[in-house]
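Tertiary structure, described
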Amino acid sequence: MKQSKTMELKKPVRVSLARQVLTAMESMIRSGKWKVGDRIPAEAELARAFSVSHNTIREALQSLIHMGMLEARPGDGTYVMASDRFAVAVSNRLKESDLPQILEARLALEKEIARLAAVKRTDEDLKELENALEDCHGRVRQGIEDDMLFHAAVARATHNPVLSELYNVVIRHVQENLEKLLQEKQYDSGAMKLHDDLLAAIRKQEADEAENIIVKIVEFDTVSIGGAFIS
């Protein structure tokens, strides 16, 4: 007669209220309900929404601030700085990297993103890209934000969330550090023509053409900030 094997059971771990709230907040950030750049609700409003004390909310917020996902700005509020812990880790690594290395990484991402977007884009993606490019031509937002949003839309058209999220971290780092150097040239006729051509290549689903054009766009940006371009 076989002896029954004893099961090693672990005691369930009780999760604190602050940890539960932290997990819920992380989920809201990852899902996009709280987007990067958004100011989150005030502490009192969060306490009411989660039905917990102000101390519990404060503890959860401090944990997310320590992780780098949130940033507290005295007199202004608390803002979302990263979409998840992965984004924080990549962002921290970029801060330790030299500009040429970052630009090389951007080029490698852009090339694959352009190819995949051309192959996998949908009609809905095209509409989003057309709207984003129209905003670029109209310079609806300040700085180079419209250009960043267009490239982010191209990344989403790959339908690869890992690639898209990684790209967003890299391009936001470029924006934060190089916006002043880029904004005067980002929307000139030559740059916009390249963006028009990129959309046309994606619309035709010409992957090679899309890759060639994005290389020219990155080259344009690199030269604009006084860097040496390596294709």
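Residues numbered from 1 in each chain as written. Predicted model: local features only at pLDDT ≥ 70, side-chain atom pairs only at ≥ 80, totals over all residues. Heavy atoms only, no water.

What follows is about the overall build of the chain. When you go through the chain residue by residue, the secondary structure sums to 10 helices and two strands. Counted from the first residue to the last, the chain has its helices and strands arranged as α-α-α-β-β-α-α-α-α-α-α-α. In the chain, buried positions account for 40% of the 231 residues. Across the chain, the fraction of contacts at a sequence separation of at least 24, relative to all contacts at a separation of at least 6, is 67%. (Helix = DSSP H or I, 4+ residues; strand = E, 2+ residues; numbered from the N terminus. Buried < 20%, exposed > 50% of the residue type's maximum accessible area, 1.4 Å probe, protein only. Contact = heavy atoms within 4.5 Å.)

Moving on: unusual backbone geometry. The backbone phi angle of Ser51 is positive, close to 55 degrees, even though this residue is not glycine. Relative to the assigned elements, Ser51 resides in the loop between α2 (43–50) and α3 (54–67).

Glancing now at the packing of aromatic side chains. Evaluated as defined, the whole model comprises zero aromatic pairs. Cation over ring: Arg73 sits above Tyr79, and NZ or CZ is 4.0 Å from the ring centre. (Phe/Tyr/Trp six-rings, centres within 6.5 Å; stacked < 30°, edge-to-face > 60°. Lys NZ or Arg CZ within 6 Å of the ring centre and 35° of its normal.)

Within the largest apolar cluster, 61 residues are counted, with the highest numbers of intra-cluster contacts made by Met25, Trp34, Ile57, Phe150, Leu198 and Ile202. Excluding residues that lie within four positions of it along the chain, Trp34 makes contacts with Met25, Met28, Ile29, Ile40, Pro41, Leu46 and Val80. (Core = buried A, V, L, I, M, F, W, Y, C linked by side-chain atoms within 4.5 Å.)

Pairing analysis gives four bridges linking strand β1 (residues 70–73) to strand β2 (residues 77–80), with the strands arranged antiparallel. Directly across from Leu70, in β2, lies its bridge partner Val80. (Pairing = 2+ DSSP bridges.)

Our focus in this paragraph is the side chain of Ser164. In this structure, Ser164 sits in helix α8 (residues 161–182). Classification of Ser164 as buried rests on a relative accessible area of 8%. Not counting the four nearest positions on each side in its chain, Ser164 is found in contact with Ala155 and Arg156.

Moving on to the confidence of the model for the chain. In this model, the chain carries an average pLDDT of 86, and 87% of its residues clear a pLDDT of 70 or more. Of all the helices and strands in the chain, α8 carries the lowest mean pLDDT, 78, while α2 carries the highest, 95. (pLDDT = per-residue confidence, 0-100.)

Here the focus is the environment of Leu126. When you line up the elements, Leu126 lands in helix α6 (residues 123–138). With 76 residues separating them in the primary sequence, Leu126 and Ile202 have C-alpha atoms 8.2 Å apart. Apart from residues no more than four positions distant in its own chain, Leu126 is found in contact with Arg121, Leu199, Ile202 and Arg203.

Now for the layout of surface pockets. Taken as a whole, the largest pocket holds about 1,200 Å³ of empty space. Residue lining of the largest pocket: 40 residues in total, with Val36, Met81, Ser83, Asn168 and Arg172 positioned closest to the centre. Of all the secondary structure elements, the ones that give two or more residues to the lining of the largest pocket are α1 (17–31), β1, α4 (85–95), α7 (145–156) and α8. Broken down by element, the lining of the largest pocket gets its largest block of residues, 10 residues, from α8. Of the residues belonging to the lining of the largest pocket, the class tally is 16 nonpolar, 12 polar and 12 charged. (1 Å grid on protein atoms, 1.4 Å probe; cavity = no way out; pocket = protein on both sides within 12 Å on 5 of 7 lines; lining within 4 Å. Points joined across faces, edges and corners; volume = space filled by probe spheres on them. Nonpolar A, V, L, I, M, F, W, Y, C, P; charged D, E, K, R; others polar.)

So, on to helix α9 (residues 189–204). The terminal C-alpha atoms of α9 lie 22 Å apart, and with 16 residues this matches the ideal 22 Å at 1.5 Å per residue to within 8%. For α9, the full list of buried residues reads Ala191, Met192, Leu194, His195, Leu198, Leu199, Ala201 and Ile202. Immediately beyond the C-terminal end of α9, within one or two residues, lies Gln205, with a positive phi of roughly 60 degrees. (Expected span 1.5 Å × (residues − 1).)

The interhelical angle for the contact between α6 and α7, taken along N-to-C directions, is 165 degrees, at an axis separation of 8 Å. The angle between α6 and α7 places the two elements in the roughly antiparallel class. Viewed along their axes, α6 and α7 form a crossing whose handedness is left-handed. Two secondary-structure elements touch here, α6 through Glu128, Leu129, Ala132, Leu133, Asp135 and Cys136 and α7 through Asp146, Asp147, Leu149, Phe150, Ala153, Val154 and Arg156. Looking at the contact of α6 with α7, its residues break down into eight nonpolar, no polar and five charged. (Axes fitted to C-alpha atoms, helices over the stretch in contact; angles between N-to-C directions. Parallel < 35°, antiparallel > 145°, perpendicular 65-115°, else oblique. Left-handed = near helix turned anticlockwise from the far one by under 90°.)

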